[in-house]
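# Residue-level structure breakdown
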Amino acid sequence: MGRSEVSRAIGKITGVAADHIVVELHRGSDNFTVVGFDDVHYVATLGSYLMVPMHAEYVVLEVIGLREKDNGAARATSKEMDKASSAKFLDAVPVGSMPMQTGSFRFGVSTFPPLYADALYARDEDLDRIFNVELPADITVKEDCVGKKRQGTVPHTIEIGTSSVFKGYPVKSRLDELFGGHVAILGNTGSGKSCTVATIFQSVFMKAEAFAAIGAAFVIFDVNGEYRRALDNIPTWIKSCYLKATEPHTPISDPSGKRQGAEIKDRFRLPHWFMNVEEWALLLRASEKSQLPALRTALGLTTLFQEMPEQEVVEGCEGDGDLKTIRNHVLAKIILSILHGDASSPSKADRIHALLNVFATKEISRATVSKGLYIHFGQFKDGQGRETSVNFDALLELLKGHVQGEPVLPSYGNRPFSFERLQSALDLALFYEEASGNKQIREYCSQLVTRLKSVVDNPDYDFLRADVNAMQDHDREPTHYVNRLLGITVDGARYKKERQICIIDLNDAADEIVELASAVVARLIFDRMRRTDPRNAMPVHLILEEAHR
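So, here is what we can say about the structure in this document.

Thresholds, definitions, all that
- Residues numbered from 1 in each chain as written.
- Predicted model: local features only at pLDDT ≥ 70, side-chain atom pairs only at ≥ 80, totals over all residues.
- Heavy atoms only, no water.
- Helix = DSSP H or I, 4+ residues; strand = E, 2+ residues; numbered from the N terminus.
- Buried < 20%, exposed > 50% of the residue type's maximum accessible area, 1.4 Å probe, protein only.
- Contact = heavy atoms within 4.5 Å.
- Areas by Shrake-Rupley, 256 points an atom, 1.4 Å probe, with all protein chains shown as cover.
- Salt bridge = Lys/Arg side-chain N within 4 Å of Asp/Glu carboxyl O.
- Patch = residues over 30% accessible without salt bridge, like charges linked within 9 Å, V, L, I, M, F, W, Y side chains within 5 Å.
- Polar contact = N/O pair within 3.5 Å; in protein donor to acceptor, adjacent residues only side chain to side chain.
- Core = buried A, V, L, I, M, F, W, Y, C linked by side-chain atoms within 4.5 Å.

Helix and strand counts for the chain stand at 18 helices and 22 strands. The buried share of the chain, reckoned over its 549 residues, is 45%. Residue pairs in contact within the chain that sit at least 24 positions apart in sequence constitute 66% of those at least 6 positions apart. When the accessible surface of the chain is split by element, carbon and sulfur atoms take 50% of a total near 29,000 Å².

Let us look at the pattern of salt bridges. Inspection of every chain in the model, using the stated rule, returns 21 salt bridges. Among the ionic pairs, K12 bridges to D118, the shortest N-O distance being 2.9 Å. Separated by 106 residues along the polypeptide, K12 in strand 1 (residues 9–16) and D118 in strand 9 (residues 118–121) bring together distant segments of the chain. Among the residues examined, D118 registers a relative accessible area of 17% and is labelled buried. Measuring nitrogen to oxygen at the nearest pair gives 3.2 Å for the salt bridge that ties R442 to E434.

Glancing now at a nonpolar patch on the surface. Together, V16, F112, L115 and Y116 give the surface a local cluster of nonpolar side chains, amounting to about 390 Å² of exposed area. Secondary-structure assignment places V16 in strand 1.

All right, on to helix 17 (residues 478–486) then. Restricting attention to buried positions, one finds in helix 17 the residues T479, Y481, V482, N483, L485 and L486. Two or three places before T479, at the start of helix 17, stands the capping residue E477, its side-chain oxygen 2.8 Å from that residue's backbone nitrogen. Downstream of helix 17 by a residue or two, G487 has a phi angle that is positive, lying close to 70 degrees.

Counting 91 residues, the largest nonpolar core has F268, W280, L339 and L506 as the members making the most contacts within it. Looking at this core element by element, the count peaks at 10 residues for helix 9 (residues 320–339). For F268, the residues in contact, after removing those within four places along its chain, are L243, K244, A245, F463, Y481, I504, L506, A517 and V521. V197, L231, I234 and Y242 belong to the second largest nonpolar core, which has 21 residues in total.

Note that S240 resides in strand 15 (residues 240–244). The exposure class of S240 is buried, given its relative accessible area of 6%. Within the structure, the side chain of S240 is placed 3.0 Å from the side chain of R259, a separation counted as a polar contact. If near-sequence neighbours (up to four positions away) are discounted, S240 is found in contact with R259, A262, E263, I264, R499 and I501.

Written as C-alpha cells, this is what we have:
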C-alpha cells in the first residue's frame with residue numbers, strides 16, 4: 001500500500017464468509033472513530049463503505065452491522081463498564097469493485113479479499129466513483145444567440161444535497177439520468193420536498209461558470225401554492241410564467257420585487273376542446289358500455305356541426321359535400337323518428353323546432369320544415385280549416401330523401417365549441433341513437449347528462465371554459481398553447497426560447513380537477529414534443545407536487 005492508503009487503514013479483515021466479511025478495527029479506535037490524514041471519520045454508520053486494496057483494484061464493502069468484544073482481564077478488575085480496551089468489529093458485505101487509479105465502479109465481486117487484508121475508509125473521491133458521478137465538467141466554446149463565441153463549462157453532474165451517512169459529502173446526480181427519467185421525492189408534509197426541488201433548480205441555473213440551461217423547460221403542477229415563493233431567489237435572467245387556476249374576476253398577486261420583469265402572470269385556462277375522448281370520460285365519469293359511445297358520438301357531432309366557420313378537416317370525409325350529406329342524414333333520421341313516435345303532434349313539432357334552433361342546414365331548417373308542421377286540431381294539416389296534409393307528406397318525402405343507409409359519423413376533431421353546444425350535441429346524439437332503435441339509451445345516459453350539466457354549472461370548472469367568440473391564438477390550437485407553456489416563440493423559421501419555468505398553481509382546485517388538468521397538459525406536451533425534430537431538441541421536465549392528490 002502507498003503512504004496515503006496506510007494512513008487510511010482502519011483495521012484488518014478477520015473473517016471471510018460467502019455472505020459477509022468481518023473487519024476488526026485497530027486498537028485505539030474509541031467509539032468507532034478513526035483520525036485520518038484528511039478528517040476525523042466515524043466508520044460505524046450502517047450503509048457506509050470501506051475499501052480493501054487487492055492487486056490493481058479495490059473491493060468495496062458496505063457496512064451492515066457493528067459489535068464489540070470485551071477484554072476479559074480488564075472486565076475482571078473493574079466494577080464499571082470500560083469499553084476503551086474492547087475489540088471492535090464491523091460486519092460488511094462486498095458489493096463491487098473498481099480500479100485503484102481511474103475507472104468506474106462495477107457491481108459484483110469475483111475474488112474475495114484474504115484474511116488480514118487492510119480495510120480503508122472511503123474518501124469523497126472514492127464515493128464519487130462508487131456512485132458513478134466522478135466525471136468532471138467539460139470546458140468548451142459555444143456561440144450565443146448573437147453569434148458571439150463564449151467559453152464555459154458543461155457539467156455532467158449537479159449537487160442535490162448533503163449526505164446524512166457520509167459526513168459533509170455533497171450528494172450529486174448525473175444530469176442525463178436525473179432529468180432523462182422519472183424521479184420521485186418522498187417525504188411527509190413539511191419535510192422539505194419543495195425545498196429539495198428548489199435546490200435542484202438552483203444547481204441547474206445558478207452556476208456562474210457553466211453554460212446556462214436556458215433551453216430547458218420546467219412545468220410545475222403546484223397543488224400547494226408554494227413554488228412561486230420557493231423559486232424567488234433564482235436569477236432574474238431565468239424567466240418564468242405563473243398561471244393560477246382561479247375564478248375569472250379574482251385578482252392574481254404581482255410577483256415579488258426580485259422577480260419583477262422576469263415573470264409574467266395570468267389566469268390558468270385549459271380550453272375544453274383540447275381534451276380527447278378519454279379525458280372527457282374521466283371528467284364526466286362515463287361508463288364504457290353505454291355512456292362512452294354516446295359521449296363519443298356527441299363529441300363527433302360538435303365537429304360535424306361546428307360553431308365556428310373554420311376550414312373543415314374531418315377524418316373520413318373528403319370535402320364539404322360529404323359533410324353536408326351526413327348533416328342532413330343525421331337531422332332527417334332524427335326528425336323522422338320523432339314524427340313516427342307516440343307523442344302528440346304539438347309535442348313533436350316543439351321537439352323538432354327546438355332541435356332546429358341549434359342544429360340546422362340549408363336543406364333542413366325551420367324555414368324548410370315549418371310548413372309541413374302546421375297543426376290543426378292536433379293533426380298535421382295544410383292550414384286552418386283544411387283537411388289535406390300535402391305539406392306534411394312533402395316534408396316526409398324531403399326527409400326520406402336525405403336518409404343515407406348508415407354513413408360513418410365523423411370522429412371528434414377538437415374544434416372549438418361551447419359547453420352549451422356539447423349539451424345540445426349530447427341530446428342530439430341520444431336522439432340519433434333512439435332513431436337507430438336504441439330506445440333505452442336516454443335512460444342509460446341520464447347520469448351522464450346530469451354530470452355534464454353539473455360541470456357546466458360548477459364555477460370550479462371555469463378554467464375549462466374558453467370563450468369561443470374571444471379566443472387568442474393559444475386557445476385555438478394545441479401547439480400554440482404548449483408553446484406558451486414552454487416559453488417558445490417562433491422567430492421566422494427558428495424557435496426562440498423566452499422562458500424556462502412555468503408554474504401552474506392548482507392550490508384552489510379540487511382533487512379531481514388536479515388529476516384532469518395534469519393529465520391533459522402532460523398529454524398535450526408529449527404530443528407536441530413527439531413531433532419535434534430532433535425529439536430531444538427542447539427538453540421538457542414535468543414536476544407534480546403531492547402526486548397523491
